[in-house]
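Residue-level structural notes
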Amino acid sequence: MSSLKVPFLDLKAHHDPVRQEILAAMNDVIDANAFAGGPFVARFEEAFAAYCGTKHGIGVGNGTDSLWFSLLALGIGAGDEVITVPMTFMATTEAISMAGAKPVFVDIDPRTYTMDVAAIENAITPRTKAIMPVHLFGQCADMDPVMEIAKRRNLWVIEDAAQAPGTLYRGRKAGSIGHAASFSFYPGKNLGAWGEAGAVVTNDLALRDRIRMYRDHGQARKYHHDVIGWNGRMDGLQGAVLGVKLKYLDHGNSLRRAAAAHYAKLLGETAEVILPEEANYGRTNHHVYAVRVAERDAVMQRMAERGISCGIHYPVPVHLQKAYASLGHRRGDFPVTEACADSFLSLPMYPEITAEQVEAVAVALKASVKSRVGVAV
Ligand SMILES: *Cc1c(COP(=O)(O)O)cnc(C)c1O
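Predicted, not measured: the structure shown is a model, and the values here were computed from it.

Parameters and conventions
- Residues numbered from 1 in each chain as written.
- Predicted model: local features only at pLDDT ≥ 70, side-chain atom pairs only at ≥ 80, totals over all residues.
- Heavy atoms only, no water.
- Pairing = 2+ DSSP bridges.
- Helix = DSSP H or I, 4+ residues; strand = E, 2+ residues; numbered from the N terminus.
- Phe/Tyr/Trp six-rings, centres within 6.5 Å; stacked < 30°, edge-to-face > 60°.
- Near = heavy atom within 4 Å.
- Polar contact = N/O pair within 3.5 Å; in protein donor to acceptor, adjacent residues only side chain to side chain.
- Areas by Shrake-Rupley, 256 points an atom, 1.4 Å probe, with all protein chains shown as cover.
- Salt bridge = Lys/Arg side-chain N within 4 Å of Asp/Glu carboxyl O.
- Buried < 20%, exposed > 50% of the residue type's maximum accessible area, 1.4 Å probe, protein only.
- Domains from an automatic or database assignment.
- Contact = heavy atoms within 4.5 Å.
- Buried area = accessible area lost by both parts, 1.4 Å probe.

1. Some details on the sheet that holds strand β12 (residues 282–283)
- The 3 strands are arranged β7-β6-β12 in an open sheet whose pairing can be described as antiparallel. With one partner strand each, in any of the chains shown, β7 (172–173) and β12 form the two edges of the open sheet.
- Two elements, strand β6 (residues 168–169) and β12, share 2 bridges in a ladder whose sense is antiparallel. Residue pairing across strands places L168 opposite R283, the latter belonging to β12.

See below:
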């Protein structure tokens, strides 16, 4: 038994070194009374767009807003279809549904866990308006074929890059490839706010202006409402927090990559564990380090008994969620997604995880996959 407890995430360890710098930035917001949108958000929008290699950034309330406003601003709504994957967080499809459109699923690739680009064409109908690939666990979807199909079939591409700030695709940043890309700054994401926040990045000026309207009650000018929008502005405090944290994102991502390499070295010979593979076209930010194991729930339980907290992303694919019963999907429709949902186990992963902690997780995992259900361990 390992005596070292390893949390799934350690936000305190992540924030302690930058706490004073962030508190000082928050004080500036309080002094300026710039709480809703405002100059601190504007400064972060510019810095984040530059980081992503895009022209424009639009700060919003959260990552779900950023997906939703992107769809609304592109004019996607009732009667339209948006192609995405069922192996994602519910927010991806919620945004499609709340825009009034219908999510149409294609399965994921069994090696990259992102959209199976070979399945896209078959899912296109005369109603299809957009493709929304998800950069799951920080690994970029294979964007060149997505963009080629979109161009040929006249479709929009919105990247769900919530998990992928800093990820690379053929040398370009995730989020800089589609017509728009959505990011989440939920605290547990690689670039996490001290609360809720999100952003859209795009190179399209007209699209930027429309998203700015949707996040602010459809106003282009105060009290002149051109469209029915929403209150989806980013908090000034979050803009200031994110402005500080953005400077440390690359460092954090490289520490995650080092931890992932260490996991791979320790677990590479364990036949019962399928390790994540990095696609040859890119560089993942290892937002989530998900292995695949048989009898996952029992393995996770045995890890917990050894003091190792794991996660599951995601145990129920979107097409099998009760909320989407009306789509009429059943088990068997997306076999790769379903097999992954049954076997994915997310190991502890955060920049500050120590080599000793990674070793403790690996020791516990090797022991946990080798003990059989019903046999005392
Ligand atoms: C986190 C996440 C979202 C939603 O972001 P919120 O900021 O929580 O609204 C959307 N898509 C994916 C893939 C995510 O991981």
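Past the structure itself, the notes keep going.
2. Things to note about the packing of aromatic side chains
- Taken as a whole and judged by the stated rule, the model has 14 aromatic pairs.
- Aromatic pair F137 and F344: ring centres 5.1 Å apart, planes at 75°, arrangement edge-to-face. In this pair, F137 sits in the loop between β4 (128–131) and α7 (143–153) while F344 sits in strand β14 (residues 344–347), placing the two residues 207 residues apart along the sequence.
- Taken together, the ring pairs in this structure connect F44, F48, Y51, F183 and F185 into an aromatic cluster.

3. With respect to the site of the ligand
- Close to the ligand lie 15 residues; G63, T64, D160, S184 and K189 are nearest.
- Contacts to the ligand include T64, whose side-chain N or O atom sits 2.5 Å from an oxygen atom.
- A distance of 2.8 Å separates an oxygen atom of the ligand from a polar atom in the side chain of Q163.
- Relative to its unbound accessible surface of 380 Å², the ligand loses 93% to contact with the protein.

4. A short note on the pattern of salt bridges
- The final tally for this structure, using the stated rule, is 16 salt bridges.
- Between R215 and E45 there is a salt bridge, with the nearest N and O atoms lying 2.8 Å from each other. You can see R215 sitting in the loop between α8 (205–214) and β10 (219–221) and its partner E45 sitting in helix α3 (residues 39–52), a full 170 residues away along the chain.
- Overall, R215 belongs to the buried group, its relative accessible area being 15%.

5. Regarding the domain arrangement of the protein chain
- Assigned domains within the protein chain: domain 1 (13–105 + 113–246) and domain 2 (250–370).
- When each unit is reduced to the centre of its C-alpha atoms, the spacing between domain 1 and domain 2 is 25 Å.
- Listed per partner, the contact involves 34 residues of domain 1 and 34 residues of domain 2.
- Summing both sides of the interface, domain 1 and domain 2 together bury roughly 2900 Å²; the carbon and sulfur share of this comes to 58%.
- Summed over the three residues of domain 1 that lose the most area to domain 2, namely M87, Y113 and F137, the buried surface amounts to 25% of that side.

6. What about α8?
- Here α8 has its buried residues at L207, R208, I211, M213 and Y214.
- On the buried face of α8, the contacting elements are β1 (56–60), α4 (63–73), β8 (180–184), β9 (198–202) and β10.
- The N-terminus of α8 is capped by D204, whose side-chain oxygen sits 3.0 Å from the backbone nitrogen of A206.

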